[in-house]
Amino acid sequence: MVTRLQRPAIDDIQLVNQVVDQRQRGRNRGYFEGIRASWKQRVQHYIEARGNPEVVTPWARAVSFKTRFLSLYSSPQADSVQKPVLEKLRERTLQMCPACGEDGTPNTLDHYLPKTEFPDFAVTAVNLFPMCDTCQGWKLEKVLSQDGERLFLHPYFDEFLDQQVLQLSIGEPYHAPASMELRPSVNLSPALQALITRHIENLGISTRYYHFFREQYTHLLGSAADIREEELNMRQQLTLFRNKARRKSINSWGHIFYESVLANDPLLLYLETAALPGLEPWMQACAAE
Ligand SMILES: [Zn+2]
């Protein structure tokens, strides 16, 4: 699930000034000088509205000349002010996708407000963050629901992402769970729960999580067998697994998984006492002795 990211250490208003200054040697100098003040106000508006597309609407003066902005992003000149900013944002330092929480290094840079509809934010750092290819394929140019509500969480502005926002419930039977369900945390307000639901539905996260869940659950049964064989404490050992996953992010897929296991007393009892699928040959061997 979404992970909160530190806002880039870039003054986006100052960046507009610098871009317009650099345009003074080019063909479109009149256009950019003419919109300098309004463009800065637009970026200020984005920051104040926290990028929320329910508030920030497209700007016709930019949309009509979108190629002038898109080229700033897609083909920045070597000495341009935005080039190092974009390079910094593309540094592959994250080990998970901030939009879905899946492990791996996100490959692309996403425009939270898409650059075709909002070309004036094409190089605005606070509108850009790394995203995995799968999320990007789901998100496309989507912004708002049919009811005009924003679809996606914003990793720089949605501070509540510091807490766990999704809960997993695991259904019986525990040797091979028939169901799992991801849903927004009940600790969040109804409005935030609705936002989280829109976010996970529009990025296909439940289906993607299900594949991860099946693999993790098989690991869990194996770990439970090991823990019993070593005569260790089940809850304590699984707590260590959970804490390790939390170090990555409280909303990482692994943390949501182990948190749900530890909150599920019947499942813990099963792991502690039942004949585990992986244990069966060993148990049978003991019984035969
Ligand atoms: Zn992703």
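Report on the accompanying structure. (Residues numbered from 1 in each chain as written. Predicted model: local features only at pLDDT ≥ 70, side-chain atom pairs only at ≥ 80, totals over all residues. Heavy atoms only, no water.)

## Topic: the overall build of the chain
Part 1 of the reasoning: Helix and strand counts for the chain come out as 12 helices and four strands.
Part 2 of the reasoning: In summary, the chain has a C-alpha radius of gyration of 24 Å against a globular reference of 19 Å for 289 residues, an excess of more than 25%.
Part 3 of the reasoning: Taken along the three principal axes of its C-alpha coordinates, the chain extends 90 × 40 × 25 Å.
Part 4 of the reasoning: Taking all 289 residues of the chain together, the buried fraction comes to 49%.
Part 5 of the reasoning: Within the chain, residue pairs in contact and separated by at least 24 positions form 67% of the contacts whose partners lie at least 6 positions apart.
Part 6 of the reasoning: Of the roughly 14,500 Å² of accessible surface on the chain, a fraction of 50% belongs to carbon and sulfur atoms.
Part 7 of the reasoning: Averaging the locations of the 32 positively and 34 negatively charged side chains of the chain gives two centres separated by 11 Å. (Helix = DSSP H or I, 4+ residues; strand = E, 2+ residues; numbered from the N terminus. Rg over C-alpha atoms; globule rule 2.2 N^0.38 Å. Buried < 20%, exposed > 50% of the residue type's maximum accessible area, 1.4 Å probe, protein only. Contact = heavy atoms within 4.5 Å. Areas by Shrake-Rupley, 256 points an atom, 1.4 Å probe, with all protein chains shown as cover. Lys, Arg positive; Asp, Glu negative; His and termini not counted. Charge placed at Lys NZ, Arg CZ, Asp CG, Glu CD.)

## Digging into the coordination of the zinc ion
Reference values for coordination geometry: four tetrahedral donors around a metal ideally subtend 109.5 degrees, six octahedral donors ideally subtend 90 or 180 degrees.
Part 1 of the reasoning: Bound to the zinc ion on the protein side are Cys97 (SG), Cys100 (SG), Cys132 (SG) and Cys135 (SG), at distances that span 2.3 to 2.4 Å.
Part 2 of the reasoning: For the zinc ion, the four donor atoms in the first shell make angles of 102 to 117 degrees at the metal, so the coordination geometry reads as tetrahedral.
Part 3 of the reasoning: Motif for the zinc ion, donor spacing along one chain: C-x2-C-x31-C-x2-C. Separated by 35 residues along the polypeptide, Cys100 in the loop between α5 (82–90) and β1 (108–111) and Cys135 in helix α6 (residues 133–139) bring together distant segments of the chain.
Part 4 of the reasoning: With relative accessibility at 0%, the residue Cys100 sits in the buried group. (Donors = N, O, S within 2.8 Å, 3.2 Å for Na, K, Ca; no water. Tetrahedral: all angles 85-135°; square planar, octahedral: opposite > 155°, others 65-115°.)

## Considering the environment of Trp39
Part 1 of the reasoning: As for its placement among the helices and strands, Trp39 is situated in helix α2 (residues 29–48).
Part 2 of the reasoning: A C-alpha to C-alpha distance of 24 Å links Trp39 and Phe152, two positions 113 residues apart in sequence.
Part 3 of the reasoning: With near-sequence residues (within four places) excluded, Trp39 lies in contact with Val16, Val19, Val20, Phe32, Trp59, Phe69, Leu72 and Asp120.

## Side note on the pattern of salt bridges
Part 1 of the reasoning: For the structure shown, the criterion picks out 16 salt bridges.
Part 2 of the reasoning: Here Arg242 makes a salt bridge to Glu259, at a shortest N to O gap of 3.3 Å. Highlighted residues: Arg242 in helix α9 (residues 234–248) and Glu259 in helix α10 (residues 253–262), separated in sequence by 17 residues.
Part 3 of the reasoning: Classification of Arg242 by relative accessible area gives buried; the value is 16%.
Part 4 of the reasoning: Overlapping salt bridges bring together Asp21, Glu33 and Arg36 as one network. (Salt bridge = Lys/Arg side-chain N within 4 Å of Asp/Glu carboxyl O.)

## With respect to the packing of helix α8 (residues 205–229) against α10
Part 1 of the reasoning: α10 packs onto α8 with a crossing angle of 55 degrees between their chain directions and a minimal axis gap of 11 Å. Between α8 and α10, the angle is such that the two are oblique. Between α8 and α10 lies a crossing whose hand is right-handed. Counted together, Arg208, Tyr209, Phe212, Phe213, Gln216, Tyr217 and Leu220 of α8 and Trp253, Gly254, Ile256, Phe257, Tyr258 and Val261 of α10 form the full contact between these two elements.
Part 2 of the reasoning: Residues that form the contact of α8 with α10 fall into these classes: 10 nonpolar, two polar and one charged. (Axes fitted to C-alpha atoms, helices over the stretch in contact; angles between N-to-C directions. Parallel < 35°, antiparallel > 145°, perpendicular 65-115°, else oblique. Left-handed = near helix turned anticlockwise from the far one by under 90°. Nonpolar A, V, L, I, M, F, W, Y, C, P; charged D, E, K, R; others polar.)

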